Amino acid sequence: MRRVVFNQKGGVGKTSITCNLAAISASLGYRTLVVDLDVQGNTTHYLVGEIDAEAFPAEAQGVAGLFKQTVGSRKMRQNPDSFVWDTPYENLYLMPSSPALSDMEKELESRYKIYKLRDALDKLDAEYDRVYIDTPPNFNFYSKSALIAVDRVLIPFDCDSFARQSLYALMDNVSELQEDHNPDLEVEGIIINQFSSQAKLPGELVAELEEEGFPVFETFLNTSVKMKESHRYHRPLIDLAPSHKLTRQYLNLHLELEPAQ
Ligand SMILES: Nc1ncnc2c1ncn2[C@@H]1O[C@H](COP(=O)(O)OP(=O)(O)O)[C@@H](O)[C@H]1O
Ligand SMILES: [Mg+2]
């Protein structure tokens, strides 16, 4: 099962949700691969901390290395698994982002490499039970590659009124991509993030989404400073604070994705 966490809006929780759901998945024994397609590399940083840029030439590592070898001679091709790193967490693996991704984008697009991520993940099917992909806050080559490569899309929603407007545009883009490239893609649901039950607006916004027929997950993720701490210490919540309220919400959300057998 492959999932992408996508929303064109920045700061809605894509990275936090990708890493925390993946870390829970890994802690439950699924071999879980995280793919960081955002050139900012927040997911990479969150899961493995600072990277020694000299030890890992930007273009040869992770997602950039994987895409780079799709251009040019076939003889040079390495198995996609050679672009995957271990993380400090059992069963959790990472295909990291790198700054080289932004320079490569135009060329990859003009050479129609939009299916290459799907091909690579197909080759890794036997290695990983679950794949979670983090995306940039744009409907660009990388997020489209991800939406083509996965079975399901999770959409974070951060309870602000601009977020609702961007949701319509997002749904249109997802539908178009479904029609053109990936008819099996399913919108698994909208994840309510940074929810505050004290304020009136978030509750109203969520009720409106539900009335409009959007598939909203039952579990809401509250705002908590624990999330900032978790990023700062490069430790997903399940590792840093396994019994914290936000962690329990994440566990419930994961249970909605993967009901216990
Ligand atoms: N539930 C939460 N509670 C508090 N802060 C959060 C929560 N989820 C995300 N954040 C914070 O919001 C900011 C944006 O989150 P992030 O996951 O990086 O979003 P995106 O990847 O969509 O840009 C980060 O500083 C993160 O720590
Ligand atoms: Mg992000």
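Residues numbered from 1 in each chain as written. Chains lettered and ligands numbered in written order. Predicted model: local features only at pLDDT ≥ 70, side-chain atom pairs only at ≥ 80, totals over all residues. Heavy atoms only, no water.

Caption draft 1: View of the pattern of salt bridges. Under the defined criterion, the tally for this structure stands at 15 salt bridges. D125 serves as the salt-bridge partner of R2, at 3.1 Å between the closest nitrogen and oxygen. Linking R2 in strand β1 (residues 2-5) with D125 in the loop between α5 (116-123) and β5 (130-134), this pair joins segments that are 123 residues apart in sequence. We classify R2 as buried; its relative accessible area is 8%. (Salt bridge = Lys/Arg side-chain N within 4 Å of Asp/Glu carboxyl O. Helix = DSSP H or I, 4+ residues; strand = E, 2+ residues; numbered from the N terminus. Buried < 20%, exposed > 50% of the residue type's maximum accessible area, 1.4 Å probe, protein only.)

Caption draft 2: Layout of unusual backbone geometry. Phi at Y112 is positive, roughly 55 degrees, even though this residue is not glycine. Tracing the backbone shows Y112 in the loop between α4 (100-110) and α5. Exposure remark for Y112: the relative accessible area of 71% places this residue in the exposed category. Notably, Q194 is not glycine yet its phi reads approximately 55 degrees, a positive angle. With respect to the secondary-structure elements, Q194 resides in the loop between β7 (186-192) and α8 (200-211). Overall, Q194 belongs to the partly exposed group, its relative accessible area being 37%.

Caption draft 3: Fine view of the nonpolar core. Membership of the largest hydrophobic core comes to 51 residues, with the highest contact counts inside it found for L33, I133 and I190. Excluding its chain neighbours within four sequence positions, the residues that come into contact with I133 are R3, V4, V5, T18, V35, L37, L117, L121, A146 and V150. V5, C19, Y132 and I191 belong to the second largest nonpolar core, which has 25 residues in total. (Core = buried A, V, L, I, M, F, W, Y, C linked by side-chain atoms within 4.5 Å. Contact = heavy atoms within 4.5 Å.)

Caption draft 4: Seen up close, the side chain of N173. Position of N173 among the secondary structure elements: in helix α7 (residues 161-180). The contact partners of N173, leaving out residues within four places of it in the chain, are Q8 and F139.

Caption draft 5: Main features of the side chain of S230. Among the structural elements, S230 can be located in helix α9 (residues 225-232). Take S230: its relative accessible area is 0%, and that puts it in the buried class. Among the polar contacts made by the side chain of S230, one reaches the main-chain carbonyl oxygen of R235 at a distance of 2.7 Å. When neighbours within four sequence positions are excluded, S230 is seen to be in contact with Y46, R235, P236, L237 and L240. (Polar contact = N/O pair within 3.5 Å; in protein donor to acceptor, adjacent residues only side chain to side chain.)

Caption draft 6: Here's a closer look at α4. Among the residues of α4, A100, L101, M104, E105 and L108 are the ones counted as buried. Viewed along the axis of α4, the buried residues span an arc of 140 degrees, placing them on a single side of the element. Across α4 from its buried face, at more than 90 degrees, point the exposed residues D103, K106 and S110. One or two positions beyond α4, positive phi appears at Y112, with a value near 55 degrees. (Arc of directions from axis to C-beta.)

Caption draft 7: Spatial organisation of the packing of α4 against helix α6 (residues 141-149). Viewed as axis vectors pointing N to C, α4 and α6 meet at an angle of 65 degrees, and their least axial separation amounts to 10 Å. In terms of their interaxial angle, α4 and α6 are classed as roughly perpendicular. Of α6, the residues touching α4 (which contributes L101, M104, E105, L108 and E109) are F141, Y142 and K144. (Axes fitted to C-alpha atoms, helices over the stretch in contact; angles between N-to-C directions. Parallel < 35°, antiparallel > 145°, perpendicular 65-115°, else oblique.)

Caption draft 8: Just the sheet that holds strand β2 (residues 32-36), in detail. On the basis of which strands lie adjacent, the open sheet formed by 7 strands has the order β3-β4-β2-β5-β1-β6-β7 and mixed pairing. At either margin of the open sheet sits one strand with a lone partner, and together these are β3 (85-86) and β7. As paired elements, β3 and strand β4 (residues 92-95) share 2 bridges and run antiparallel to each other. Residue D86 lies in a different strand from β4, and its bridge partner there is Y93. (Pairing = 2+ DSSP bridges.)

In short, geometric facts, not functional conclusions.
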